[in-house]
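Examination of the molecular architecture
Spelled out, the chains give:
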2 protein chains.
Amino acid sequence: MEQMRPGYQVRSISLYGYEQAKALVLSSHGEPKDVLKLHGHSISPPHGDRVNIRFLASPINPADINQIQGVYPTKPSWTTELGTADRIAVGGNEGVAEVISKGSGVTGIEKGDWVIMKTQGFGTWRTHAQTTADKLIPIKNRVGLTPKQVGTISVNPCTAYRMLKDFVDLQPGEWFIQNGANSGVGRAAIQLARLWGIKSLNIIRKRDSEEATQTMIAELKSLGADAVITEDDLNSRDKMQTILNDGRDKLRLALNCVGGPQVNSMAKHLAPGSYVVTYGAMSKQPVNLPMGLLIFKDIRFSGFWVSRWKTPEDKMACVEEILDLIRQGKFKDVPSQEIPFKHDSSEKTLVAAVQGTLDGFRSGKGIFTFDE
Amino acid sequence: MEQMRPGYQVRSISLYGYEQAKALVLSSHGEPKDVLKLHGHSISPPHGDRVNIRFLASPINPADINQIQGVYPTKPSWTTELGTADRIAVGGNEGVAEVISKGSGVTGIEKGDWVIMKTQGFGTWRTHAQTTADKLIPIKNRVGLTPKQVGTISVNPCTAYRMLKDFVDLQPGEWFIQNGANSGVGRAAIQLARLWGIKSLNIIRKRDSEEATQTMIAELKSLGADAVITEDDLNSRDKMQTILNDGRDKLRLALNCVGGPQVNSMAKHLAPGSYVVTYGAMSKQPVNLPMGLLIFKDIRFSGFWVSRWKTPEDKMACVEEILDLIRQGKFKDVPSQEIPFKHDSSEKTLVAAVQGTLDGFRSGKGIFTFDE
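Residues numbered from 1 in each chain as written. Chains lettered and ligands numbered in written order. Predicted model: local features only at pLDDT ≥ 70, side-chain atom pairs only at ≥ 80, totals over all residues. Heavy atoms only, no water.

Selection rule: UniProt positions are given in the numbering used here, feature names are shortened, and annotations may be inferred rather than shown by experiment.
Where an unreviewed UniProt entry is consulted, chain A appears under the name enoyl-[acyl-carrier-protein] reductase, with the organism given as Dissoconium aciculare CBS 342.82. The record held by UniProt for chain A lists under Catalytic activity (unreviewed entry) the comment "a 2,3-saturated acyl-[ACP] + NADP(+) = a (2E)-enoyl-[ACP] + NADPH + H(+)". UniProt annotates chain A under Subcellular location (unreviewed entry) with the comment "Mitochondrion".

Observations regarding the packing of helix 5 (residues 184–196) of chain A against helix 6 (residues 210–223) of chain A
Residues and elements named next belong to chain A. Our working definition: A fitted line through C-alpha atoms serves as each axis, taken over the contacting stretch for helices, and the angle formed by two N-to-C directions is quoted from 0 to 180°. Per the convention used, a helix needs a DSSP run of H or I reaching at least four residues, while a strand needs a run of E reaching at least two, with both numbered from the N terminus. If an angle is under 35 degrees, it is roughly parallel; if it is over 145, roughly antiparallel; if it lies from 65 to 115, roughly perpendicular; otherwise it is oblique. Any two residues whose heavy atoms approach within 4.5 Å are treated as being in contact. Asp, Glu, Lys and Arg are counted as charged, while Ala, Val, Leu, Ile, Met, Phe, Trp, Tyr, Cys and Pro are counted as nonpolar; the rest, among them Gly, fall into the polar class.
Two elements in contact, helix 5 and helix 6, have axes separated by 8 Å at closest approach and are oriented at 40°. In terms of their interaxial angle, helix 5 and helix 6 are classed as oblique. Two secondary-structure elements touch here, helix 5 through Arg187, Ile190, Gln191 and Arg194 and helix 6 through Met216, Glu219, Leu220 and Leu223. Class assignment for the residues of the contact of helix 5 with helix 6 results in four nonpolar, one polar and three charged.

Quick notes on the relation of the copies chain A and chain B
Stated precisely, the cut-off is as follows: Least-squares fitting of one copy onto the other uses the C-alpha atoms of those residues that reach a pLDDT of at least 70 in both copies.
Structural alignment of chain A on chain B gives an RMSD of 0.0 Å, achieved by rotating through 180° and translating 0.0 Å along the axis. Taken together, the rotation and translation describe the operation of a two-fold axis. Of the residues that chain A buries at the interface, 100% are likewise interface residues in chain B, meaning the two copies contact each other through the same surface.

Some points on the environment of Gln120(B)
Residues and elements named next belong to chain B. To keep things clear, this is the line we draw: Counted as a polar contact is a pair of N or O atoms within 3.5 Å, where, for protein atoms, one must be capable of donating a hydrogen and the other of accepting one, and residues adjacent in sequence contribute only when both atoms are in side chains.
Topologically, Gln120 is positioned in the loop between strand 7 (114–117) and strand 8 (128–132). In sequence terms Gln120 and Gly83 are 37 residues apart; their C-alpha atoms lie 22 Å from each other. Contacts of Gln120, omitting those with residues within four sequence positions, involve Tyr72, Thr74, Asn93 and Ser307. Within the structure, the side chain of Gln120 is placed 2.8 Å from the side chain of Ser307, a separation counted as a polar contact.

Brief notes about the side chain of Gln149(A)
Tracing the backbone through its elements, the reader meets Gln149(A) in helix 3 (residues 147–151). A distance of 2.9 Å separates the side chain of Gln149(A) from the backbone nitrogen of Thr146(A), its partner in a polar contact.

With respect to the pattern of salt bridges
Put simply, the rule reads: Should a side-chain nitrogen of Lys or Arg be within 4 Å of a carboxyl oxygen of Asp or Glu, the pair is scored as a salt bridge. Only protein chains enter the accessibility calculation, which uses a 1.4 Å probe; a residue whose area is less than 20% of its type maximum is buried, one above 50% is exposed, and one in between is partly exposed.
Taken as a whole, this structure holds 32 salt bridges over all chains when the rule is applied. The shortest N-O distance in the salt bridge between Lys102(A) and Glu110(A) comes to 3.4 Å. The salt bridge partner of Arg327(B) is Asp324(B), with a shortest N-O separation of 2.7 Å. With a gap of three residues between them, Arg327(B) and Asp324(B) both fall in helix 11 (residues 312–327), about one helical turn apart. A residue is classified by how much of its surface remains accessible, and Asp324(B), at 36% relative accessible area, is partly exposed. Here the residues in one salt-bridge network are Asp298(A), Arg300(A) and Arg308(B), joined through shared partners.

Concerning the packing of aromatic side chains
Condition: Pairing of aromatic side chains here covers Phe, Tyr and the six-membered ring of Trp, requires ring centres within 6.5 Å, and sorts the geometry by plane angle: under 30 degrees stacked, over 60 edge-to-face, intermediate tilted. Cation placement over rings: the criterion is NZ of Lys or CZ of Arg within 6 Å of the ring centroid and within 35° of the ring normal.
Applying the stated criterion across every chain yields a total of 20 aromatic pairs over all chains. An aromatic cluster of three or more residues is present, and its members are Phe55(A), Phe122(A), Trp125(A), Phe341(A), Phe368(A) and Phe370(A). Stacked on the ring of Trp78(B), the Lys or Arg Arg87(B) has its end atom at 4.1 Å from the ring centre. The ring of Trp309(B) has Arg162(B) sitting right over it, with the charged end atom 4.5 Å from the ring centre.

Points about the UniProt feature "domain: Enoyl reductase (ER)" (unreviewed entry) in chain A
As recorded in UniProt, the feature "domain: Enoyl reductase (ER)" (unreviewed entry) lies at residues 33–351 of chain A. Segment residues 33–351 of chain A splits into 31% helix and 24% strand. End C-alpha atoms: 6 Å apart.

Considerations on the pairing of strand 11 (residues 199–204) of chain A
Residue and element names in this part refer to chain A. Condition: Handedness of a crossover is defined as follows: with both strands directed away from the viewer, a clockwise route from the first strand across the helix to the second makes it right-handed. Here, a strand pair is defined by DSSP locating no fewer than two bridges between the strands.
A large share of strand 11 lies buried, amounting to five of its six residues. As a crossover connection, the stretch from strand 10 (residues 175–178) through helix 5 into strand 11 is right-handed. Taken together, the four bridges between strand 11 and strand 12 (residues 227–230) define a ladder with parallel strand orientation. The residue bridging Ile203 from the neighbouring strand is Ile229, located in strand 12. Note on the crossover from strand 11 through helix 6 to strand 12: the handedness is right-handed.

Notes on the environment of Lys332(A)
Residue and element names in this part refer to chain A. With respect to the element layout, Lys332 can be found in the loop between helix 11 (312–327) and strand 16 (336–341). On the basis of relative accessibility, which here comes to 46%, the residue Lys332 falls in the partly exposed class. Expressed as a C-alpha distance, the spacing of Lys332 and Ala188, which sit 144 residues apart in the sequence, is 8.2 Å. Non-local contacts of Lys332, meaning those with residues more than four positions away in its chain, are made with Gln191, Ser222 and Leu223.

A word on the domain arrangement of chain A
Residue and element names in this part refer to chain A. Put simply, the rule reads: Domain ranges listed in this record stem from an automatic or a database domain assignment. For any pair of parts, buried area is found by adding up, for both, the accessible area (1.4 Å probe) each one loses once the two are put together.
If you check the domain split of chain A, you get domain 1 (19–152 + 334–352 + 364–370) and domain 2 (155–303). For domain 1 and domain 2, the distance between their C-alpha centroids amounts to 33 Å. Counting residues at the interface gives six residues for domain 1, matched by six residues for domain 2. The contact between domain 1 and domain 2 buries some 400 Å² in all, and 57% of this surface belongs to carbon and sulfur atoms. Viewed at the interface, domain 2 and domain 1 are joined by zero salt bridges. Applying the counting criterion to the domain 1 and domain 2 interface returns one residue pair in polar contact (both at pLDDT 80 or more). Here the side of domain 1 that touches domain 2 is composed, by residue class, of two nonpolar, two polar and two charged.

Notes on the environment of His47(A)
In this structure, His47(A) sits in the loop between strand 3 (37–43) and strand 4 (50–59). With 138 residues separating them in the primary sequence, His47(A) and Val185(A) have C-alpha atoms 39 Å apart.

Concerning the interface of chain A and chain B
Each partner contributes to the interface: chain A provides 25 residues, whereas chain B provides 25 residues. For the pair chain A and chain B, the summed buried area comes to about 2,100 Å², and 67% of that belongs to carbon and sulfur atoms. A per-residue breakdown of the area chain A buries against chain B is headed by Met291(A), Ile295(A) and Phe296(A), which together make up 28% of the total. Applying the counting rule to chain A against chain B returns two salt bridges. Of the charged contacts, one joins Arg308(A) and Asp298(B) as a salt bridge, the two residues approaching to 3.9 Å between their closest N and O atoms.

Overview of the confidence of the model for chain A
All names here are of chain A. Rules: What pLDDT expresses is the predictor's confidence in each residue, scored from 0 to 100.
Residues with a pLDDT of 70 or more make up 94% of chain A, whose mean pLDDT is 92. Confidence over residues 1–12 falls short of pLDDT 50; this stretch has 26 contacts with residues more than four positions distant or in other chains. The ipTM value of the predicted complex is 0.89, and its pTM value is 0.91.

Put into structure tokens, the structure is as follows:
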């Protein structure tokens, strides 16, 4: 039975029930600009336990690029089911799609439902896919949500959510510190912390001008950041003491996506027994384990990878909690740039959008959006 | 009431109940050879809650040297109670002493009891001390124990004990890996693991000759080491796979007291979710946090410091359990070199013994032993 689907309707090219799909695919690892191709194929009507979906929004995450380059632990899902003799794989891991048809054996997911991917490696940079229901998480209530919000929920906001919850039992009024505060995860962490009564001490890179730095500080404060500092401030004991209530407030958690000597500077301000949680290494600079802090202050260094869920139910619960906050207007989207992925989009344009993520010139997260 | 004290009797110089004490002291931080002096003073009969003790055996641990240098977090206990106008402190943190007299208000400790120190900073490189009972842990049953065994129990064996217990719940048949396997802690870890049915994979430095390497391997195997390898072997996947039952056995714990790139080589062989526990940095080489292992394999880097006990009772329980193993003949002493600390020992000899620990030319742990 077809549900109401406000705003979004199936308008894909469909011939006798066959969907004409386009996908950004690779047949070997390498730089996106060298290995990504636009591939057309048709998808048959779904039988049995099969489900046909069409994508609504699929972000380009840095990890997607690393996966294409072959330097990511989760490999693309190679297949010959997309009409090629040799195996290929579809790029992209995150996204939201709409169920457009399903086999008679499928229960729990209905035509018109929005779905996100249960695990990494699905291949989300495509207009359509045929899959099985067990690979999908249905979003049961999508009222008040946009495809862009749902399509970007499972990586950045879930990363922030779990890093704030899984390592230290922070109490309302307590602080955490993070670098890369302007990143998608950083912004999510600021907002979740604020909602939970936890204070955030945010480190940003100095911008080219003082004005640009102040603009960034104001932007993060508008999201709920309690303090925003530049890297230099980290080394000012006075400045840090002032922020931390003359040293009476303790830092027990540091989130790191940058790397380099800054991590040690962060760690120095932590209370004994605290955690430094690393989820990225954007600066590509190494981090020296600070032996003294490790041994005598019991500072613990852990990593976080959002693909590591105990159960799919944990992921669903986290996603649902954050979607609720979005529905209530309590959680702002990260800045993004939509990249239309149409049936007549050129390979050159689409591939350039992926490659551009690497070059870092985009003013927000790149998100493929598809024909309505 | 005086207990039987087999083998050891009070024979210190005592005039009208005053003990003539000698102590290795410092009045400022620096190299042991520059700042350590031999200081003589007298100790009055104990009144009220005071206890007079005479030392039996006090080891020279590397941490003691760092403390003298001023680069250790636990500072020496500065005092003017030893008959000097300016504050001085007695070197040494570990040791065993015998109670020779006590004030009328002291309960729970009797004349003749052996005692160890409850916390760091006591100052154990001295013939006698006056203190209060709350700073001491009595060894209630010393039958079958030597002063050297009791005087070296609370640092190295307790470190090994807790590192094997506190981070990973290793089951009988499971492995751990450690570097610096020939150290006091390393040897204790091999023996405790063997007694608990846990297998040890031990890394040693290559010796100058193949024969010397083989001798060291044989020695550690005689303690119960299941496998002993050199640093080079760490990088041989084949060799490691063979040791670990063709890769079917998992490593979930690595103990590190060396540092340098070797730590990353160790970490590569660990199963997801494992711990690398650092308790020393003998090579003085930095360790780069391996980002990939941290994030994608959830390898956790922690530190261990034996001075961090939850309660004194925890320390007592650990000491008692290991002493029991020693009494049962199940736990061998580490190689050591006794350095007699007599009333007529020269300052030069005693200071040289401390400084010599730094130079690393000693063929075993240096232990001050005192007049019987």
